[in-house]
Amino acid sequence: MKELTNISVIKELLAKYGFSFSKGLGQNFLINPSVCPKIAEYGLAKEGFGIIEIGTGFGTLSRELAKNAEKVVAVEIDQRLIPVLDETMSDFENFKVINADIMETDLAKLIDDEFKGLKTAVCANLPYYITSPVIMMLLESELPLEAITVMVQKEAADRLCAEMGTRACGAVTAAVRFYGEAQMLFKVSRGSFMPAPNVDSAVIQICPNNHYKKMVNDKTMFFKIIKGAFSQRRKTLANSLSSALSLNKELLYDIFERLGHSKNVRCEQLTMEQWTELSNALSEIE
Ligand code: SAM
């Protein structure tokens with residue numbers, strides 16, 4: 001198979017299959033030859049691993065994954081890409097594509113059926129329009145994943161990998177941190193894609209763990225306060241939480257004092273440990 005990052009090869013495929021990129025499906029395909037091997041390596045494409053890929057495009061990253069992993073199962077929503085993949089992935093017996101929406105795919109069953117005896121990881125150049133929903137779905141389903149290695153828009157990467165207790169953090173930062181550790185791996189310029197998007201991208205990795213899950217007494221309370229606080233981040237935490245939880249502000253001030261926070265504390269000042277403490281204290285109120 002000729003190099004799928006080669007523009008003339010892509011043009012040949014576009015013409016042969018009458019394919020046109022769908023903006024709505026986030027179709028920006030990788031054309032920078034140095035990027036896919038790097039994502040695949042960070043993404044745990046190696047012996048003993050089964051990889052779930054989300055969104056194949058013409059198969060540029062899929063090929064790199066299949067070259068190195070034991071098995072690759074990709075979920076691709078666009079039916080027009082299936083015949084293209086039949087051609088571009090024909091030399092890999094360890095690759096399978098499922099024509100479906102990732103948000104409607106039973107991944108626990110997929111892992112059970114396809115990856116017996118293998119460790120599993122997710123690796124993808126994500127369609128940007130569903131970055132957060134996909135990441136949250138993967139984490140919330142509590143799948144047995146070693147890592148989630150994904151390319152996302154640089155701005156989303158900054159938010160996902162931010163430190164809690166800094167201005168860069170948001171509700172999604174806390175939500176991801178609840179389920180694991182996120183880290184920025186490397187940046188990818190907009191020129192690495194065809195068609196080129198308007199913004200740069202970055203590859204991040206989330207490794208699920210139980211650290212905060214074990215510390216938080218009431219998961220519903222944790223997510224309620226995070227959502228309530230960050231959706232009104234300009235307000236003081238006391239103001240946003242008193243409206244989100246329908247609680248008297250004096251009661252909140254008492255809890256803040258006990259936890260060592262000032263009355264005017266804001267959501268972006270709390271570390272993950274402090275959110276955990278606050279959530280636990282609020283869950284104990286009758
Ligand atoms: N992996 C390829 C690459 O790096 O060149 C393509 C990446 S492109 C950013 C995103 C891919 O995800 C497209 O192939 C698109 O059709 C697919 N996609 C979009 N929405 C999807 C969904 N809900 N479920 C599965 N695949 C989806």
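What you are looking at is a predicted structure, and each value in this text was computed from that prediction instead of being measured.

Chemist: It is not clear to me how the site of the ligand should be interpreted in this structure. Could you clarify?
Modeler: Surrounding the ligand, one finds 23 residues, the nearest of these being L30, E76, D101, N125 and Y129. A distance of 3.0 Å separates an oxygen atom of the ligand from a polar backbone atom of G57. Contact between the ligand and I102: a nitrogen atom at 2.9 Å from a main-chain N or O atom of the residue. Surface burial for the ligand is 99%, taken as the share of its 600 Å² of free accessible area covered by protein chains. Among the elements of the structure, β1 (29-30) and β3 (71-76) are those that each provide at least two residues to the shell around the ligand. Its residues assigned to classes, the shell around the ligand shows twelve nonpolar, seven polar and four charged.

Chemist: Could you clarify how one ought to interpret the domain arrangement of the chain in this entry?
Modeler: Frequently, the measure chosen for interface size is the accessible area that the parts lose on association. Structurally, the chain comprises domain 1 (7-209) and domain 2 (215-283). The centre of domain 1, based on its C-alpha atoms, is set 34 Å off from the matching centre of domain 2. Across the boundary between the two partners, domain 1 contributes 14 residues, which contact 13 residues of domain 2. A buried area of about 1100 Å², summed over both sides, lies between domain 1 and domain 2, and 70% of it is on carbon and sulfur atoms. For the pair domain 1 and domain 2, the interface holds one salt bridge. The tally of links between domain 1 and domain 2 comes to six residue pairs in polar contact (both at pLDDT 80 or more). Tallying contributions element by element places helix α8 (residues 171-179) first for the side of domain 1 that touches domain 2, with six residues. Across the side of domain 1 that touches domain 2, the residue classes break down as seven nonpolar, three polar and four charged.

Chemist: Would you mind going over the packing of helix α11 (residues 237-245) against helix α12 (residues 249-259) with me for this structure?
Modeler: Helix-helix packing is described using two parameters, namely the angle between the two axes and the distance between the axes. Close contact between α11 and α12 brings their axes to 9 Å; oriented N to C, the two are set at 125°. The orientation of α11 relative to α12 falls into the category oblique. In the crossing of α11 with α12, the sense of the turn from one axis to the other is right-handed. Of the residues in α12, those in contact with L237, A238, N239, L241 and S242 of α11 are K249, L252, Y253 and F256. Looking at the contact of α11 with α12, its residues break down into six nonpolar, two polar and one charged.

Chemist: I keep staring at helix α1 (residues 7-17) and nothing clicks. Help me out?
Modeler: Buried residues of α1: V9, I10, L13 and L14, and no others. Across the axial projection of α1, the buried residues extend over an arc of 140°, all falling on one side. When the buried face of α1 is taken as reference, the exposed residues oriented beyond 90 degrees from it are K11, A15 and K16. In this structure, the buried side of α1 is in contact with α4 (82-88) and β8 (193-194). The positive-phi residue at the C-terminal boundary of α1 is G18, with phi of around 55°.

Procedures and definitions
Residues numbered from 1 in each chain as written. Predicted model: local features only at pLDDT ≥ 70, side-chain atom pairs only at ≥ 80, totals over all residues. Heavy atoms only, no water. Near = heavy atom within 4 Å. Polar contact = N/O pair within 3.5 Å; in protein donor to acceptor, adjacent residues only side chain to side chain. Areas by Shrake-Rupley, 256 points an atom, 1.4 Å probe, with all protein chains shown as cover. Helix = DSSP H or I, 4+ residues; strand = E, 2+ residues; numbered from the N terminus. Nonpolar A, V, L, I, M, F, W, Y, C, P; charged D, E, K, R; others polar. Domains from an automatic or database assignment. Contact = heavy atoms within 4.5 Å. Buried area = accessible area lost by both parts, 1.4 Å probe. Salt bridge = Lys/Arg side-chain N within 4 Å of Asp/Glu carboxyl O. Axes fitted to C-alpha atoms, helices over the stretch in contact; angles between N-to-C directions. Parallel < 35°, antiparallel > 145°, perpendicular 65-115°, else oblique. Left-handed = near helix turned anticlockwise from the far one by under 90°. Buried < 20%, exposed > 50% of the residue type's maximum accessible area, 1.4 Å probe, protein only. Arc of directions from axis to C-beta.

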